[in-house]
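Commentary on secondary and tertiary structure
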Amino acid sequence: MIIDDGILFRQAEEKDAGTLVALYDQAARWMRANGIDQWKPGDKDADHFRARMGDGEVWLGGDSDGRVVGAYELWWSDEEAWGIQPPVAGYVHRLMVEREAAPAGAGRRLLEHAERRIARTGRERARLDCVSTNPRLLAYYQGAGYRVVGELPNKVGKDGRVYGVILLEKRLDRLTAV
């Protein structure tokens, strides 16, 4: 377990899959309620999160009372969005915050934890993508130091829906690995 500014981080285990589904669905409902057409409740099930635990990392952040305040997935490749790449980056996906329990700034803390995890492997970049129709999220990531490096206008979702994503990255050269 890693303690970072009041948030306790631990890698998710198979028993956490239901918690991750609930967190995802809550985030999706919040997005819809705020006019953001990105995630849909029910799109990610327990099998999705178990698979991510098997081929990458899934991290949970909690408070001192053991309540989950957020989570994220960390992948070591993302050919679907980025194509075949040399192993210079980690790819952050599904950054989720539990809006009722999370302290202010929890999303940024989760993102910083992911960046340190990536830097610790010797990789020099953190990468992520966001739906091109979500300017609020784009501004959030840019405010965290990410810069736009490309766009994939025709990403195909699991449901067959075609949508655009903006590709962002942050250099981690100056980041101290923890």
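The following refers to the structure shown.

Reading the values: the criteria
Residues numbered from 1 in each chain as written. Predicted model: local features only at pLDDT ≥ 70, side-chain atom pairs only at ≥ 80, totals over all residues. Heavy atoms only, no water. Helix = DSSP H or I, 4+ residues; strand = E, 2+ residues; numbered from the N terminus. Rg over C-alpha atoms; globule rule 2.2 N^0.38 Å. Buried < 20%, exposed > 50% of the residue type's maximum accessible area, 1.4 Å probe, protein only. Core = buried A, V, L, I, M, F, W, Y, C linked by side-chain atoms within 4.5 Å. Contact = heavy atoms within 4.5 Å. Phe/Tyr/Trp six-rings, centres within 6.5 Å; stacked < 30°, edge-to-face > 60°. Lys NZ or Arg CZ within 6 Å of the ring centre and 35° of its normal. Pairing = 2+ DSSP bridges. Salt bridge = Lys/Arg side-chain N within 4 Å of Asp/Glu carboxyl O. Lys, Arg positive; Asp, Glu negative; His and termini not counted. Axes fitted to C-alpha atoms, helices over the stretch in contact; angles between N-to-C directions. Left-handed = near helix turned anticlockwise from the far one by under 90°. Nonpolar A, V, L, I, M, F, W, Y, C, P; charged D, E, K, R; others polar.

Comments concerning the overall build of the protein chain
A tally of helices and strands in the protein chain yields five helices and eight strands. Sequence-ordered secondary structure for the protein chain, helices as α and strands as β, is β-β-α-α-β-β-α-β-α-β-α-β-β. Taking 178 residues into account, the globule formula puts the C-alpha radius of gyration at 16 Å, and the protein chain, at 15 Å, falls close to it. A burial count over the protein chain gives 51% of its 178 residues as buried.

Regarding the nonpolar core
Membership of the largest hydrophobic core comes to 26 residues, with the highest contact counts inside it found for Tyr72, Val92, Leu111, Leu128, Tyr141, Tyr146 and Leu168. Of all elements in the fold, only strand 2 (7-11), strand 4 (68-75), strand 5 (89-97), helix 4 (106-120), strand 6 (125-131), helix 5 (135-143) and strand 8 (162-171) reach the threshold of two or more residues within this core. At six residues, the largest contribution of residues to this core is made by helix 4. Among residues more than four places away in sequence, those in contact with Val92 are Tyr72, Glu73, Leu74, Leu111, Ala114, Ile118, Arg127 and Leu128. The next biggest cluster of nonpolar side chains, apart from the first, holds 16 residues, and it includes Ala27, Met31, Val58 and Met96.

Here we look at the packing of aromatic side chains
One pair of aromatic rings is described through two measures. These are the centre distance and the angle between the planes. One pass over the structure, following the stated rule, counts four aromatic pairs. The interplanar angle of 20 degrees and the centroid separation of 4.7 Å between the aromatic rings of Tyr24 and Trp39 together place this pair among those described as stacked. With Tyr24 in helix 1 (residues 17-33) and Trp39 in the loop between helix 1 and helix 2 (46-55), this pair connects stretches of sequence that are 15 residues apart. In this pair, the class of Tyr24 matches that of Trp39, namely buried. Grouping aromatic residues by their ring pairs yields a cluster made of Tyr140, Tyr141 and Tyr146. Across the ring face of Trp30, the terminal group of Arg99 is positioned such that the distance to the ring centre comes to 3.7 Å.

Here's the deal with the pairing of strand 4
Counting buried positions over the eight residues of strand 4 gives seven, a clear majority of the element. Across six bridges, strand 3 (residues 57-62) lies against strand 4 in antiparallel orientation. Across the sheet, residue Glu57 finds its bridge partner in strand 4, namely Leu74. What sits between strand 3 and strand 4 in their antiparallel hairpin is a turn of five residues, with Gly66 showing a positive phi close to 90 degrees.

As for the pattern of salt bridges
Taken as a whole and judged by the stated rule, the model has 17 salt bridges. Ionic pairing is found between Glu13 and Lys15, a salt bridge with its closest N-O pair at 3.9 Å. Take Glu13: its relative accessible area is 42%, and that puts it in the partly exposed class. The exposure class assigned to Lys15 is exposed, which follows from its relative accessible area of 62%. The partner of Arg127 in a salt bridge is Glu169, with the nearest N and O atoms 2.8 Å apart. Pair noted here: Arg127 is in strand 6 and Glu169 is in strand 8, with a separation of 42 residues, a long-range link. Pair check on accessibility: Arg127 and Glu169 agree, each one buried.

Overview of the side chain of Lys44
Its location among the elements puts Lys44 in the loop between helix 1 and helix 2. For Lys44, which is buried and forms no salt bridge, the nearest opposite charge comes from Asp43, at a distance of 6.1 Å.

Some words on the packing of helix 1 against helix 2
Interaxial distance between helix 1 and helix 2 falls to 8 Å at its minimum, and their mutual angle equals 115 degrees. Where helix 1 crosses over helix 2, the handedness of that crossing is right-handed. Packed against helix 1, whose contacting residues are Ala17, Leu20, Val21 and Tyr24, the element helix 2 presents Ala46, Phe49, Arg50 and Met53 at the interface. Residues of the contact of helix 1 with helix 2, tallied by class, amount to seven nonpolar, no polar and one charged.

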